[in-house]
Structures are given as structure tokens and as C-alpha cells.
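# Coordinate analysis (summary)
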Amino acid sequence: MMTTSLRLRAGLVSLVLLAAFLGIWHLATRSTAQVTTMSPEYAKLMGLTATQGKSAMPGPLDVGAKLWEHLKRPFYDNGPNDKGLGIQLGYSIARVGTGYLLAVLVAIPLGFLIGMSPLLSKALDPFIQVLKPISPLAWMPLALYTIKDSSISAIFVIFICSIWPMLLNTVFGVATVRKEWINVARTLEVGTVRRAFTVILPAAAPTILTGMRISIGIAWLVIVAAEMLVGGTGIGYFVWNEWNNLSITNVIIAILLIGIVGMLLDQILARFTRMVTFPE
Amino acid sequence: MADKFISIEGIAKRYPGAGGATTTIFENLWLSMARGEFCCVIGHSGCGKTTVLNILAGLDAPSEGAVIVDGQAISGTSLDRAVIFQSHALLPWRTVLGNVAYAVSSKWRSWDRAKVRAHAQKFIDLVGLSGAEHKRPSELSGGMKQRVGIARALSITPKMMLMDEPFSALDALTRGTLQDEVRRICLETGQTAFMITHDVDEAIYLADKIFLMTNGPGAVLAEVVENPLPRDRGRTDLHRHPLYYALRNHIIDFLVTRSKTFTTEKPDHDPRNVPTVQIGKPGLSIASDAKPEAPRETSWPGLSRPSTSS
Ligand SMILES: Nc1ncnc2c1ncn2[C@@H]1O[C@H](COP(=O)(O)OP(=O)(O)O)[C@@H](O)[C@H]1O
Ligand SMILES: [Mg+2]
């Protein structure tokens, strides 16, 4: 009762805030029909923006109309510089997915080994400490030089940036499994492999999933920047291309979609995390 | 002592201390238990009781000496020696049935699911948890959790049970009920049991033999006290037994004063031949104030039924 009314009121406030934001945006960007005096050459150069008082910033109605156009045909393909937003997002998601899955396949088994072995943990620590703080984009030239394929280089950058949170969380989760649970397995003469799957994995799963959730967030942040660099396809490339076309409307739409996809990816991982979390 | 089912032979435990020195928790510790015997260990915190239990379980290795179980020196843990942990140590992501079944399937790897479940269910019923099989540990009270721990330990039909203060985290009422259960089960199944406790009355109610340990570091096993109460004893009339107070006072005296001074007062103590104290038997002097109440022997025989009230 209390919670539903709270949720209802919070939803109402959200709607009011959204309406206020759209209203202010609309007012701030509408045409003011006031012609400023300037030299004719300059006015020609500036186009409608300056000559008719039209703001360079599109209003919410322009963005809405354009968004509707995009949503009606998300998957059209008119050559390299004109593809539907669905296709561009699809490229980005595919790159993130591939790089991220590769990182999962490496980080979780490796994290298990490191977490279970104090020797490996100590031996690999200096490498991890140095590699972890490197900006993933710093790897890009090296990747382009060695791999010689821009798309795979982008995947590599996603791999590199999403591996660290998962690796470190797996190591931490595995190394800090409660001693008494390990002792239960030991008194039952459970072998190492079965112990890893029946005790350590479920005990460390919430920590591992938390690392995976951080990783997917970082991967989605990085893919936009990486695609701006390598070009060709993807939502990051789309943003850069539309900026070069001076289509701020499309840039705003892309920003909105990047946010929504990022949120969905985070929600998916949050749901997985809830599934493996156990109350104590 | 003809039957030495479990024999701890001269074990020591040392840890590296500050500045390169070694700290000896205990050394040259000898003790033995017969099959089917219920033994309790009493001693102050930090004297090394948990360490001894962990060595018996195989979770910890002694720095010196050996532990012989059923004629064989142990190395590591074994399904023959079940441990009931103080903190119950249930796997929180598994249900009650899942926790017990995990132990069952660890012991009998070739059993199919149905057989494992049926076997686990039998032990869940035994500890009185029928109906709670599908609950998770977080939904159980402390007493119920410890029951699951007991069911899990019993389900692998071990040769002995090792219990490290299993009831110390429970309220008095639950503790009493569980003591009754453990006593009943151990008597019925002829379990050999080794239990650490802080509770003198718990030791008197459950034990056949009580090991008294002096304070650490350098703790020694000072005495083995034989419980003079009949095996067939009831919780409610325990204190009416003529030797109850003598036994209780002997243990409390030890804990209050002698555990501190024992090593200095008895320099000729032989750890290989620890004196066995038989309360009330001729040859042993008990302080005259050890019997504050007139013995009410007459009330004893009729009340000698194990109490199973819950
Ligand atoms: N890993 C360890 N390193 C150093 N000292 C330890 C370690 N584990 C236990 N001890 C010491 O051993 C002694 C005995 O511990 P323990 O067996 O837990 O005692 P108890 O169960 O009788 O309270 C304690 O003084 C404790 O500080
Ligand atoms: Mg202890």
C-alpha cells in the first residue's frame, strides 16, 4: 500500500520532470523570427539558423519526428554512409557481445585458477596491476597494426576493457569463499573439480556477476568511442558521421538510443545477478 | 583400555610466532576413545580444543604425532568422520534437502537422484525437520539450522561424529531439545562422538568421558573424568543422582582454579598416562563440601528414562 503509492507518486514526478524538460527544450529552441543584422555573405553561410532566427539546436518535435522516421524503417541499407539505426546498433551490440563473451571465457576460468592458487595470485598480481589502468583505447593502434582489421580491433578493445572487472571480481570471489563451506566439502571428500562447481562457483557467483555487470557497462561506454575511431559501422560511427553531416537531430537520437541500450544491458545482468544471489 | 577405536598419539601443534619464535599451542597430547563412547572436552577458550578437533577431522595436520582411527593412521579428511560445525556451515544456496543430499551424493557417488533423496529424507525426518525440506537455510531458525547440520553429518553414516560447540549459539530451550536428540541418536546408532563444549551440564548429560584441558599456551590434557551417571540418564532428574554434584564441582573446580595452576603444581604429570578420575569410587578424595545437598538416591532409579520431550 505504502510502496505502491510511493511508486505511483515517483512515477508522476518523473512524468512532470520529463514534461518540464521537453517544454523548456521546446521553448529554448523554437524560431524567434527575429532577423539579426549581419553581412549577407555570412548570413548565406549560416543558413536558416541565423537568417530566420531558427536555433541550430533541434527542438523536441524535430527529434520526435526524426525518431519516428527511424523507427519506421530501422534496417534500411543505402550504402556505407546511410544505414538504418537498427543496423548500426546491431553492429555495436554484436561487437560488444563478441568481445565481452571472449572476455568471460578467459576471465572466469583464469580468475578461478588465480583465486584458488595463492602462488599464481602473487605471481600475476604485478601484471594485472599494470595492465588494468590502461585506457582500452590506448590499445587501438597496436591492435590495428597487429590485427589489420578495424572491426576485429574494436572487438579486441572491448575484450581488453571488459576483462579486468570480471577477472578481479572472480579472483576476489573465489579467494574469499567462506572457509567453513570449503571445510564442508573437504570433510565430505569432494574432489577439486566437483568442489569448484558445487561450492566455490555458487558461493562466488554473486561477486562474479557483479564484475560482469560492471564490465558490460564499461564495454558499452567504450564501443562508442572505439567505433568513432575505427569508423565504418556501428552506433559510434553513426554519431560521428552525423556530426560531420551537422545533423544534430540524429546525434541526439543516437545519444538517446545509446542510453536505452546501455540500460537494457545493465538490467539483463542485474537480473542474472539476482538469480544467483542467495540470502544468508 | 583394550579397545582404542580412536587414539591420539603424541600430537603437537605449533605456529610460527613473532620474531621467528614458534608458539606451541599444545604438545605431546595423548588420548584415546573406545567405540561407541561419547566424549566431551572442556577447557578455557584458546587452549586448543578446536585445533584438536580439526586434527581429528583431518582438516588440520598436527606438527608432530599421529591420530589412529580404527587401527589406521589418518591423513586428511574422511567420510568416516563427520563434523558438526559450530556455525552449522550450511550451503545457503541449497535447500535443507539439498544440503543433506549433497553429503549423501558425496558418499555414494553412483546413487541415482531418487535414492539420494530418499536417504536424505530419512535423516531429515530423524532430526524432526519433516516438512521443511524445501526451505533455504535463511528461512530457518538457529536450532533448525543446527538440526540440518546434524542430519547432514548423520546421513553419511560415519564411524564417528566430531562436534565443535554445536549448541553454543542456541537459546537454552533449543539447546536442551537438541542435546536430547543427539543423545538419543548416538545411543540408538552406537555413534562414537567427540564434542567440545563450554557447558558443564551439557558435558555431564551427554558424556561417558570428560577430557579436562588446562589453559594454553602449552595446554595439556590434565584428567579424564569418567561420568559416574548411568548411561540411561534423564535430563530432568540428572541433578538428583548422588554423584551429580561431586562430578559437577570437580569439573568447575578444575575450570575455576586448577586449569591455571595444574602445570606448575603437577610437574611430574605424564601426558601418556593421564590420570582417570572416577568420582565416588574408593581411592578418590572429594572435598567434603562437594555434596551440598543430601543425596536423594531413592528418586533415581525410577527416572532413568532418556527424556525425549521437545
Ligand atoms: N592459524 C593460526 N596461527 C596462529 N595461531 C593460531 C592459529 N589458529 C589458532 N591459533 C591459536 O591456537 C590457540 C588454540 O586455538 P583453538 O584451538 O581455536 O582454541 P579453542 O577452540 O580451545 O578456543 C589459540 O590461542 C589461537 O590463537
Ligand atoms: Mg574453539
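Read on for a plain summary of the structure. (Residues numbered from 1 in each chain as written. Chains lettered and ligands numbered in written order. Predicted model: local features only at pLDDT ≥ 70, side-chain atom pairs only at ≥ 80, totals over all residues. Heavy atoms only, no water.)

The subject of this paragraph is the overall build of chain A. Secondary structure summary: chain A contains 12 helices and 0 strands in total. In chain A, which comprises 280 residues, the share counted as buried stands at 41%. Roughly 16,100 Å² of accessible area belongs to chain A as shown, and the carbon and sulfur atoms make up 71% of that amount. Placing the 21 positive and 13 negative side-chain charges of chain A at their respective mean positions leaves the two points 7 Å apart. (Helix = DSSP H or I, 4+ residues; strand = E, 2+ residues; numbered from the N terminus. Buried < 20%, exposed > 50% of the residue type's maximum accessible area, 1.4 Å probe, protein only. Areas by Shrake-Rupley, 256 points an atom, 1.4 Å probe, with all protein chains shown as cover. Lys, Arg positive; Asp, Glu negative; His and termini not counted. Charge placed at Lys NZ, Arg CZ, Asp CG, Glu CD.)

Scanning chain B for helices and strands turns up 7 helices and 11 strands. Since a compact globule built from 310 residues should have a radius of gyration of about 19 Å, the 20 Å found for chain B is in line with a globular shape. Each principal axis of the C-alpha atoms in chain B carries an extent, and together these give about 60 × 60 × 35 Å. Looking at the 310 residues of chain B, the share that counts as buried comes to 51%. A fraction of 73% describes how many contacts in chain B between residues 6 or more apart in sequence connect residues 24 or more apart. (Rg over C-alpha atoms; globule rule 2.2 N^0.38 Å. Contact = heavy atoms within 4.5 Å.)

On to a nonpolar patch on the surface, then. Residues and elements named next belong to chain A. Taken together, the side chains of Leu102, Leu105, Val106, Leu110, Leu113 and Leu120 make up a nonpolar region of the molecular surface, amounting to roughly 500 Å² of accessible area. Counting residues per element, the nonpolar patch draws most heavily on helix H5 (residues 85–116), which supplies 5 residues. Note that Leu110 resides in helix H5. (Patch = residues over 30% accessible without salt bridge, like charges linked within 9 Å, V, L, I, M, F, W, Y side chains within 5 Å. Salt bridge = Lys/Arg side-chain N within 4 Å of Asp/Glu carboxyl O.)

All names here are of chain B. Judged by how many residues are buried, strand E7 (residues 160–164) sits mostly within the fold: 5 of 5 residues are covered. By the alternation rule, side chains of E7 split into Met160, Leu162 and Asp164 and Met161 and Met163, which are all buried. Here 4 bridges tie strand E6 (residues 81–84) to E7, and the two strands are oriented parallel to one another. Within E7, the residue paired with Ile84 across the bridge is Met163. The pairing of E7 with strand E8 (residues 192–196) spans 5 bridges and is parallel. Counterpart to Met161 in the pairing with E8 is Ala193. For the segment spanning E7, helix H5 (residues 172–189) and E8, crossover handedness is right-handed. (Pairing = 2+ DSSP bridges. Right-handed = clockwise from strand over helix to strand, strands pointing away.)

So, on to the packing of aromatic side chains. Within the structure shown, the criterion is met by 8 aromatic pairs over all chains. Between the aromatic rings of Phe278 of chain A and Trp93 of chain B, the centroid separation amounts to 5.2 Å while the plane-to-plane angle is 55 degrees, which identifies the pairing as tilted. Placement of Phe278 of chain A in the segment after helix H12 (248–276) and of Trp93 of chain B in the loop between E6 and helix H2 (96–107) is noted, with the two residues assigned to different chains. Each member of the pair, Phe278 of chain A as well as Trp93 of chain B, is classed as buried. Ring-pair connections join several aromatic residues into one group, and the members of that group are Trp139, Phe156 and Phe159 of chain A. (Phe/Tyr/Trp six-rings, centres within 6.5 Å; stacked < 30°, edge-to-face > 60°.)

So, on to the side chain of Ser92 of chain A. All names here are of chain A. Locating Ser92 in the fold gives a position in helix H5. Of the polar contacts made by the side chain of Ser92, one reaches the side chain of Glu227; its length is 2.8 Å. With near-sequence residues (within four places) excluded, Ser92 lies in contact with Trp220, Ile223, Glu227, Gly234, Ile235 and Gly236. (Polar contact = N/O pair within 3.5 Å; in protein donor to acceptor, adjacent residues only side chain to side chain.)

Our focus in this paragraph is helix H11 (residues 235–244) of chain A. Residues and elements named next belong to chain A. Buried residues dominate H11, accounting for 7 of its 10 residues. Among all positions of H11, only Ile235, Gly236, Tyr237, Phe238, Val239, Asn241 and Glu242 are buried. Looking at the buried side of H11, the elements it contacts are helix H4 (60–72), H5, helix H10 (192–230) and H12. Positive backbone phi, at 55 degrees, marks Leu246, one or two positions downstream of H11.

So, on to the site of ligand 1. Residue and element names in this part refer to chain B. Ligand 1 sits among Tyr15, Ile25, His44, Ser45, Gly46, Cys47, Gly48, Lys49, Thr50 and Thr51. At 3.3 Å from a nitrogen atom of ligand 1 is found a side-chain nitrogen or oxygen belonging to Tyr15. Interatomic distance of 2.6 Å between a side-chain N/O atom of Thr50 and an oxygen atom of ligand 1. Ranked by residues supplied to the shell around ligand 1, first place goes to helix H1 (residues 49–57) with 3 residues. (Near = heavy atom within 4 Å.)

To continue, consider the sheet that holds strand E4 (residues 64–69) of chain B. Residue and element names in this part refer to chain B. In space, the 4 strands of this open sheet follow the order E2-E1-E4-E5, with antiparallel pairing throughout. The sheet is open, and its two edges are formed by strand E2 (22–33) and strand E5 (72–73), each paired on a single side. Of the strands in this sheet, strand E1 (6–16), E2 and E4 touch H1, which is tilted by about 120 degrees from E1. (Axes fitted to C-alpha atoms, helices over the stretch in contact; angles between N-to-C directions.)

Attention now goes to the interface of chain A and chain B. Each partner contributes residues to the interface: chain A has 18 residues there, and chain B has 22 residues. For the chain A and chain B pair, buried surface summed over both sides reaches about 1,900 Å², with 62% attributable to carbon and sulfur atoms. Considering only the side of chain A, the residues that lose the most area to chain B are Thr187, Leu188 and Glu189 of chain A, jointly responsible for 32% of the buried surface there. Taken together, the connections running from chain A to chain B amount to 9 residue pairs in polar contact (both at pLDDT 80 or more). Elements with a minimum of two residues in the side of chain A that touches chain B: helix H9 (179–187) and H10 of chain A. Class assignment of the residues belonging to the side of chain A that touches chain B gives a composition of 10 nonpolar, 3 polar and 5 charged. (Buried area = accessible area lost by both parts, 1.4 Å probe. Nonpolar A, V, L, I, M, F, W, Y, C, P; charged D, E, K, R; others polar.)

Residues and elements named next belong to chain B. Residues other than glycine seldom take positive phi values, yet Asn28 does so here, at roughly 50 degrees. Within the element layout of this structure, Asn28 appears in strand E2. Looking at Asn28, the relative accessible area reads 36%, which means it is partly exposed. Positive phi, normally seen in glycine, also occurs at Asp70, with a value near 55 degrees. Its place among the elements puts Asp70 in the loop between E4 and E5. Relative accessible area serves as the criterion here: at 35%, Asp70 is assigned to the partly exposed category.

Residues and elements named next belong to chain B. Running from amino to carboxyl end, helix H4 (residues 142–155) crosses H5 at an angle of 15 degrees, the nearest separation of the two axes being 10 Å. In terms of axis orientation, H4 runs roughly parallel to H5. When you trace H4 past H5, the crossing you get is right-handed. Where H4 approaches H5, its residues Gly143, Gln146, Arg147, Ile150 and Leu154 are matched on the opposing element by Thr174, Thr177, Leu178, Glu181, Val182 and Ile185. For the contact of H4 with H5, the class distribution of residues is 5 nonpolar, 4 polar and 2 charged. (Parallel < 35°, antiparallel > 145°, perpendicular 65-115°, else oblique. Left-handed = near helix turned anticlockwise from the far one by under 90°.)

Residues and elements named next belong to chain B. One open sheet holds the 7 strands; their spatial order is E6-E7-E8-E3-E9-E10-E11, and the pairing between them is mixed. In this open sheet, the two edge strands, each paired with only one partner strand, are E6 and strand E11 (276–278). The mean inter-strand angle of the sheet, taken between neighbouring strand axes irrespective of direction, is 20 degrees. Sheet analysis places strand E3 (residues 38–42) next to E8, joined by 4 bridges and oriented parallel. Note on E8: the bridge partner recorded for Cys40 is Met195.

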